[in-house]
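# Topology and contacts: notes
Spelled out from the first residue to the last, the chains are:
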Amino acid sequence: MKKIVRSVCPYDCPDTCGLLVHVADGRVVKVEGDPDHPFTRGTLCPKMVHYERTVHSERRIVTPLRRIDSKGSGKFAPISWEEAFERITANWKGIIAQYGAEAILPYSYAGTMGVVQRNAGHPFFYSLGASRLERTICSPAKGYGWNAVMGQTLAPHTNEIHSSDLIILWGIHTLATNIHSMHDIIIAKKQGAKVWLIDTYETPTAKIADRMIIVRPGTDGALALGMMHVIARENLADKDFIGKHVQGYEELVTTVLPKYSPEIVSEITGIAAGAIEEIARQYATAGAPFIRLGSGLSRYSNGAMTVRTITCLPGVVGAWGKPGGGLLTGTSTDAAFPSNRVTHEEFQEQPRRMLNMNKLGQALTEVIDPPIKSLYVYNSNPAAIAPDQNLVLQGLAREDLFTVVHERFITDTAKYADIVLPATTSLEHSDMYRAYGNYVMQRAYPAISPVGQAKSNWEVFSLLADAMGINKPFFKQSADDLIDAILAKPSSWLASTQLETLREGRPLELSLPAGYKTQFRTPSGKIEILNPQEDAILPNYTKPHGDDAEFWLVNAPDMRLLNSSFNERADLTKNNKMLLQINPDDAGKMGLKDDQLVIAGNERGEVAFTLRISAKIPSGIVVAEGVWWLEHAPGNRSVNTLTSQRLTDKGNGSTFYDVKVNVRAVQ
Ligand SMILES: Nc1nc2c(c(=O)[nH]1)N[C@H]1C(S)=C(S)[C@@H](COP(=O)(O)OP(=O)(O)OC[C@H]3O[C@@H](n4cnc5c(=O)[nH]c(N)nc54)[C@H](O)[C@@H]3O)O[C@H]1N2
Ligand SMILES: Nc1nc2c(c(=O)[nH]1)N[C@H]1C(S)=C(S)[C@@H](COP(=O)(O)OP(=O)(O)OC[C@H]3O[C@@H](n4cnc5c(=O)[nH]c(N)nc54)[C@H](O)[C@@H]3O)O[C@H]1N2
Ligand SMILES: [Mo]
């Protein structure tokens, strides 16, 4: 029997592609892009073109497993679901009796972005009274910076790009992480738009840029202040727009901008003073400049302030008032139906402590009163993706820690589990998806039955609730019941006529209210360059933290992976060497040769990489793209051995790129 089923890419990517899944005899045989999807328009990235290779991979976990050798060995024996639940509940009941439920910590992030399967653990762990996880590994500092200036203002529609004449890709690797915005960029380029890329090295995205601006890591806030200095000095600001819509421009001009002359900013950022002046002039005189702001520059100890400062720019030149002008950090459609209809925080009977997911190493090795005695991991691979890998692995290796991992594959984290539970892929369960890079949402039904004995997150938490004696009717629903219930009470943003489209599993684009670009949803109703709620009421610049070492280590996404997902795919990883890219002069000074094994290290540990000498990398920086499983790491450690648990200035976010290393040859 053959059929084609509509579905959605479940991964943590702003695009959230529409899929057409070809099924024959109960197996997925082919996956295509859905041409009817308004943003992704029928094309897929190199990873999802062969999603069937992930779904039907020989590496899928097909039964529950129990550990039969030391932690980390990855040696397991199959057990039944009954036995798995018995072992889990027996352990947890013992832990709760001795230490209280806060000794249990859930750890999850975005293995799937579906509203139900992503959040399925929340109502369960709230009911149990477990410790709470502060889920701030991605880009809360970016959100904080935007909100400080723009409040709850709606983000611009991606189609705005079509009418822009100057598109600035700022700290975003579009070709790897937001590939479908290329459609929009190409439309604008055909009409003569120029594209600039501002990054710390020449990424493959530079191919589509007319101009590449290389900035020193963590210094973009100074660049934005320098641009505003020139704009103010040369009287290029849009005074009319500022008079109507901006709060605090004059205060910025008199108290902050004098400190950021092009010469001073040049010293901070490494960009020539003349170039800063030119960038500022071109930005201010463009007809409709549009900034697509990535997350890269927010993952520094000054990340929230950097984003806040950049977010002031379009207000100063009046870009919001022009079709095609503005700034996009990400979209939020939470108001269409709030996810608290899945999470149910009120199931928590009393306040429970919150542990930050960026500090898992510390949580497992230092936290007491009570200590973490059990870790339940789903939708995440913290042994690979969390900072300070050595500390995380030290914690996971604790004999007295009872670890359960619900996974599709034996990841680096699963290798440390006492019990592994098999998880479905998105083609085997129901969910509802909304994007964070556009305004499309879509419901998906299973295309095939679960592979082996795999169960979805929602199913497992329903069963665990029952096994732990949590008798709420809420847990007796199926995932589809839950989605139906959510859709039965949509918000004003989702017209009832649109619900049918969702029920049919077709992509639905939410419409934005007329004139939304100049409706500023802030306390003052204006763009708040001056925000009286903030400790620093005006933007300013502080240095990133760095480390006591020689090279900045940029460790952003690899095109072949999605965080640590897709490491299972030999077709994507087969010729991989975990690369450290370095500038020819830096390599020359140290006598290092292309393709040799080197060690990058700092106070937290050491990682072996294959050296790749490249003129695309500026001096003083090394680049290691991708979060690789340890099986692909020549020294049995991957990049997060080097990154730190430090948090951002605001938002308690991760600071992955605020890190330095020394480099030496392997002796
Ligand atoms: N192929 C692929 N796609 C992905 C992912 C993946 O791993 N692989 N991950 C997904 C996830 S979870 C997310 S959050 C998004 C993130 O996607 P993006 O928003 O693109 O953000 P980052 O990947 O963090 O970094 C983007 C760029 O910022 C640059 N950068 C680093 N520091 C600085 C700086 O100080 N200044 C400037 N100007 N640039 C800097 C990096 O070199 C990188 O090229 O991508 C998603 N999409
Ligand atoms: N060095 C460095 N580290 C980084 C980053 C970086 O740029 N540099 N990026 C950071 C960012 S932005 C993010 S968002 C985090 C992401 O961190 P994570 O969200 O942990 O992302 P993944 O590594 O993709 O791991 C997700 C896991 O969930 C599993 N999974 C998928 N679907 C399901 C399901 O339905 N049920 C269950 N139980 N499991 C499922 C997958 O098999 C996969 O192993 O990583 C961060 N780590
Ligand atoms: Mo992320």
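All values reported here derive from a predicted model rather than from experimental measurement.

### Here we look at the overall build of the protein chain
Counting secondary structure elements, the protein chain contains 22 helices and 27 strands. A compact globule built from 667 residues would reach a C-alpha radius of gyration of about 26 Å, and the protein chain, at 25 Å, matches this within 12%. With respect to the principal axes defined by its C-alpha atoms, the protein chain has extents near 75 × 70 × 50 Å. The buried share of the protein chain, reckoned over its 667 residues, is 64%. Considering only intrachain contacts with a sequence separation of at least 6, the fraction spanning at least 24 residues in the protein chain is 76%. Working note: accessible area of the protein chain is about 23900 Å², and carbon and sulfur atoms make up 50% of it. Charge-centre separation for the protein chain: the mean point of 69 positive side chains lies 2 Å from the mean point of 71 negative side chains.

### Considering unusual backbone geometry
The peptide bond linking Asp 369 to Pro 370 adopts the cis configuration, its omega dihedral lying at -10 degrees. Within the fold, Pro 370 resides in the loop between helix 15 (360–365) and strand 15 (374–378). Although it is not a glycine, Asp 388 adopts a positive phi angle of roughly 60 degrees. The phi torsion at Asn 563 lies on the positive side, around 55 degrees, for a residue other than glycine. Overall, the relative accessible area of 44% leaves Asn 563 in the partly exposed class.

### Re the site of ligand 1
Taken together, the neighbourhood of ligand 1 is formed by 34 residues, with Asp 199, Asp 220, Arg 299, Pro 557 and Leu 561 sitting nearest. Contacts to ligand 1 include Gly 218, whose backbone N or O atom sits 2.8 Å from an oxygen atom. Between ligand 1 and the protein, one listed contact pairs a nitrogen atom with a side-chain N or O atom of Tyr 300 at 2.8 Å. Here ligand 1, which alone exposes 910 Å², has 97% of that area covered by the protein. Of all the secondary structure elements, the ones that give two or more residues to the shell around ligand 1 are helix 6 (174–177) and strand 9 (194–199). Along the lines of polarity and charge, the residues of the shell around ligand 1 split into 18 nonpolar, 10 polar and 6 charged. Counting contributing residues, the shell around ligand 1 receives three or more from each of domain 3 (140–332 + 519–528) and domain 4 (551–665).

### Quick look at the sheet that holds strand 26 (residues 621–623)
Adjacent strands of a sheet form backbone hydrogen bonds with each other and so pair up, either parallel or antiparallel. Read around the closed barrel, the 6 strands follow the order 22-26-23-25-24-27; overall the barrel is mixed. Here the strands of the sheet are splayed against their neighbours by 45 degrees on average, with no regard to which way each runs. Sheet topology note: the strand 23 (residues 579–582)/strand 26 ladder contains 2 bridges and is antiparallel. If you follow Gln 581 over to strand 26, its bridge partner there is Val 623.

### Digging into the domain arrangement of the protein chain
Here the protein chain is partitioned into domain 1 (2–55), domain 2 (65–135 + 346–434 + 440–509), domain 3 (140–332 + 519–528) and domain 4 (551–665). Spacing between the C-alpha centres of domain 1 and domain 2 amounts to 24 Å. Facing 24 residues of domain 1, the contacting portion of domain 2 comprises 23 residues. Overall, the association of domain 1 and domain 2 removes approximately 1800 Å² of surface from exposure, summing both partners, and the carbon and sulfur fraction of that is 65%. Contact with domain 2 buries surface across domain 1, with Arg 6, Val 8 and Pro 10 losing the most and accounting together for 27% of the total. Connecting domain 1 to domain 2 are 0 salt bridges. Between domain 1 and domain 2 we count 3 residue pairs in polar contact (both at pLDDT 80 or more) in total. Breaking the side of domain 1 that touches domain 2 down by element, the ones donating at least two residues are strand 1 (2–8), strand 2 (18–24), strand 3 (27–33) and helix 1 (51–55). Among the elements that make up the side of domain 1 that touches domain 2, the one with the highest residue count is strand 1 (5 residues).

### Describing the side chain of Asp 34
Checked against the element boundaries, Asp 34 lands in the loop between strand 3 and helix 1. Within the local environment of Asp 34, its side chain forms a polar contact with the backbone nitrogen of Asp 36, the two atoms lying 2.8 Å apart. Excluding residues within four positions of it along the chain, Asp 34 makes contact with Arg 6, Gly 18, Leu 19, Leu 20, Arg 41, Gly 42 and Pro 507.

### A closer look at empty space enclosed by the protein
All told, the structure shown has 3 cavities of 30 Å³ or more when counted by the stated rule. Of the volumes computed, that of the largest cavity is approximately 170 Å³. Lining the largest cavity are 18 residues; nearest its centre among them are Cys 13, Cys 45, Lys 47, Ala 176 and Ile 179. Per-class residue counts for the lining of the largest cavity are 13 nonpolar, 3 polar and 2 charged.

### Quick notes on the UniProt feature "domain: 4Fe-4S Mo/W bis-MGD-type" (unreviewed entry) in the protein chain
Mapped onto this structure's residue numbering, the UniProt feature "domain: 4Fe-4S Mo/W bis-MGD-type" (unreviewed entry) falls at residues 2–59. Counting secondary structure, residues 2–59 comes out at 9% helix and 36% strand; the distance between its end C-alpha atoms is 25 Å.

### Some remarks on the packing of helix 11 (residues 262–269) against helix 12 (residues 273–285)
Packing of helix 11 against helix 12 leaves a shortest axis separation of 8 Å and a crossing angle of 110 degrees. Taken together, the axis directions place helix 11 and helix 12 in an arrangement best described as roughly perpendicular. Touching Pro 262, Glu 263, Val 265, Ser 266 and Thr 269 of helix 11 are Ala 273, Ile 276 and Glu 277, all from helix 12. Across the contact of helix 11 with helix 12, the residue classes tally to 4 nonpolar, 2 polar and 2 charged.

About the cut-offs
- Counting from 1, residues in each chain are numbered in the order their sequence is written.
- The naming scheme follows written order: chains are lettered A onward, ligands numbered 1 onward.
- Since the coordinates come from a predicted model, pLDDT governs what is reported: local features require at least 70, and pairs of side-chain atoms require 80 or more to be given and counted, while whole-chain, interface and lining totals use all residues.
- Hydrogens are left out, water is left out, and the side-chain values use all remaining heavy atoms of the structure.
- In DSSP terms, a helix is any run of H or I states spanning at least four residues, a strand is any run of E spanning at least two, and both are numbered starting from the N terminus.
- Just to be clear, the radius of gyration here is over C-alpha atoms, and the globule rule we use is 2.2 Å times residues to the power 0.38.
- Working definition: with a 1.4 Å probe on protein chains only, accessible area under 20% of the residue-type maximum means buried, over 50% means exposed, and in between means partly exposed.
- Residues are treated as being in contact if the distance between any of their heavy atoms lies within 4.5 Å.
- Note on areas: Shrake-Rupley with a 1.4 Å probe; residue coverage comes only from the protein chains shown.
- Two residue types count as positive, namely Lys and Arg, and two as negative, namely Asp and Glu; His and chain ends fall outside the count.
- To locate a charge, the coordinates of NZ of Lys, CZ of Arg, CG of Asp or CD of Glu are taken.
- The rule for a residue being near a molecule or strand is that one of its heavy atoms must lie within 4 Å of it.
- Two N or O atoms form a polar contact when they lie within 3.5 Å of each other; inside protein one atom must be a possible hydrogen donor and the other a possible acceptor, and for residues adjacent in sequence the pair counts only when both atoms belong to side chains.
- Note on residue classes: Ala, Val, Leu, Ile, Met, Phe, Trp, Tyr, Cys and Pro are nonpolar, Asp, Glu, Lys and Arg are charged, and everything else, Gly too, is polar.
- Source of the domain bounds: an automatic or database domain assignment.
- Two strands form a pair only when DSSP identifies at least two bridges running between them.
- Axis definition: a line fit to C-alpha positions, over the contact stretch in the case of helices; interaxial angles, taken between N-to-C directions, run 0 to 180 degrees.
- The term buried area denotes the loss of accessible surface (1.4 Å probe radius) that occurs when two parts are joined, taken as the sum for both partners.
- When a carboxyl oxygen of Asp or Glu lies within 4 Å of a side-chain nitrogen of Lys or Arg, that pair is called a salt bridge.
- As defined here, a cavity is a set of points on a 1 Å grid over the protein atoms alone where a 1.4 Å probe fits but cannot get out. A pocket is an open set with protein on both sides within 12 Å along at least five of seven lines, and residues line them when an atom is within 4 Å of a point.
- Grid points are joined across faces, edges and corners, and a volume is the space filled by probe spheres set on the points.
- UniProt positions are given in the numbering used here, feature names are shortened, and annotations may be inferred rather than shown by experiment.
- For classification, angles of less than 35 degrees are called roughly parallel, those exceeding 145 degrees roughly antiparallel, those between 65 and 115 degrees roughly perpendicular, and all remaining angles oblique.

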